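Structural features, examined
This is what each chain is made of:
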Amino acid sequence: MLKRSLTLTAALIARTHPHPVAADERGPGCGMALMGEAEADARLDAALAEKPGDPDALWLFAYGALMWRPEFPVAERRAATVRGWHRRFCLWQPGFRGTPERPGVMLALDRGGRCRGFAYRIAGPDLREAVRPVWRREMRGRGYEARWIAAGTADGPVPALAFVADRAGTRYAGRLTDGAIAGHIAAACGPTGPSAEYLLNTVAACEAAGLRDRHLWTLQALVAERLAAQNSPTPTPGSRRGG
């Protein structure tokens, strides 16, 4: 498979968004109604009570930031495909990588199609404590629901925990056009950095693993186009020479 060159680059993003937006006293998620620790723990316990498969291991399906920043102990990683779900930018992000005035858009699994990513196996004597940090990270923004889904791998299917879009939640953006998504991603920057950086890291991780995703590839080109336009100098009166 021939290697493709990304149009979107870190340098292009940095020229448009050289500094993160300063967080106020409420923290980087100030534009979002965050889930409390007690509620998050109760939901985790309910999800683990329904966990199928090996009682001493847990599989987690990664399709976005978890591909390049898992932040949990990984016993094994496999290329995996889930069916009935596809990767899509469909969650508003008014905090972290966006603001209420200029919200970004984040990835989730939405209904239909298929998605290729990674299946991570987490093992150990206390699965709850091992998965709790990533659970808090993904669930606190109230954009996802946790589902146990079948992830196909070269060594057979595994039951994997996946974070899918909460379609009934206030953050669900629906099926935006690629142009609309690109516009929001190009403009958004929050306390944890630009929304475009999240896109770049994700599409780069997919390309490095040989996982080609048309949605991501189209968006990185569209976002690069918009960032380049923002960085173009504006002609001043009299700067053009007549013939």
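You'll find the structure just up there.
Rules used throughout
- Sequence order as written defines the numbering, with residues in each chain counted from 1.
- Confidence filtering applies because this is a predicted model: local features only for residues at pLDDT of at least 70, side-chain atom pairs given and counted only at 80 or more, and all residues used for totals across whole chains, interfaces and linings.
- As a rule here, side-chain values cover all heavy atoms of the structure and leave hydrogens and water aside.
- Here an axis means a line fitted to C-alpha atoms, over the contact stretch when the element is a helix, while the angle between two N-to-C directions is reported on a 0 to 180 degree scale.
- Helical segments are the DSSP runs of H or I of at least four residues, strand segments are the runs of E of at least two, and each set is numbered from the N terminus.
- For classification purposes, an angle smaller than 35 degrees is called roughly parallel, one larger than 145 roughly antiparallel, one from 65 to 115 roughly perpendicular, and anything else oblique.
- Handedness of a helix crossing follows the sense of rotation of the near helix relative to the far helix, less than a right angle counterclockwise being left-handed and clockwise being right-handed.
- Throughout, a contact is declared for two residues whenever any of their heavy atoms are within 4.5 Å.
- Ten residue types, Ala, Val, Leu, Ile, Met, Phe, Trp, Tyr, Cys and Pro, are classed as nonpolar, four, Asp, Glu, Lys and Arg, as charged, and the remainder, Gly among them, as polar.
- The buried label goes to any residue with under 20% of its type's maximum accessible area, the exposed label to any with over 50%, and the partly exposed label to all in between, with areas taken from a 1.4 Å probe on protein chains only.

1. Focus: the packing of helix α2 (residues 37–49) against helix α4 (residues 127–139)
At their nearest, the axes of α2 and α4 sit 10 Å apart, and the two run at 120° to each other. On the basis of their axis angle, the class for α2 and α4 is oblique. The handedness of the crossing between α2 and α4 is right-handed. The segment α2 lies against α4, with Glu 37, Ala 40, Asp 41, Arg 43, Leu 44, Asp 45, Ala 47 and Leu 48 engaging Arg 128, Val 131, Arg 132, Trp 135, Arg 136 and Met 139. The residue inventory of the contact of α2 with α4, partitioned by class, reads seven nonpolar, no polar and seven charged.

2. Points about the environment of Ala 40
Among the secondary structure elements, Ala 40 is positioned in helix α2. For Ala 40, a relative accessible area of 0% gives the class buried. Other than its neighbours up to four places away in sequence, Ala 40 contacts Met 35, Trp 135 and Arg 136.

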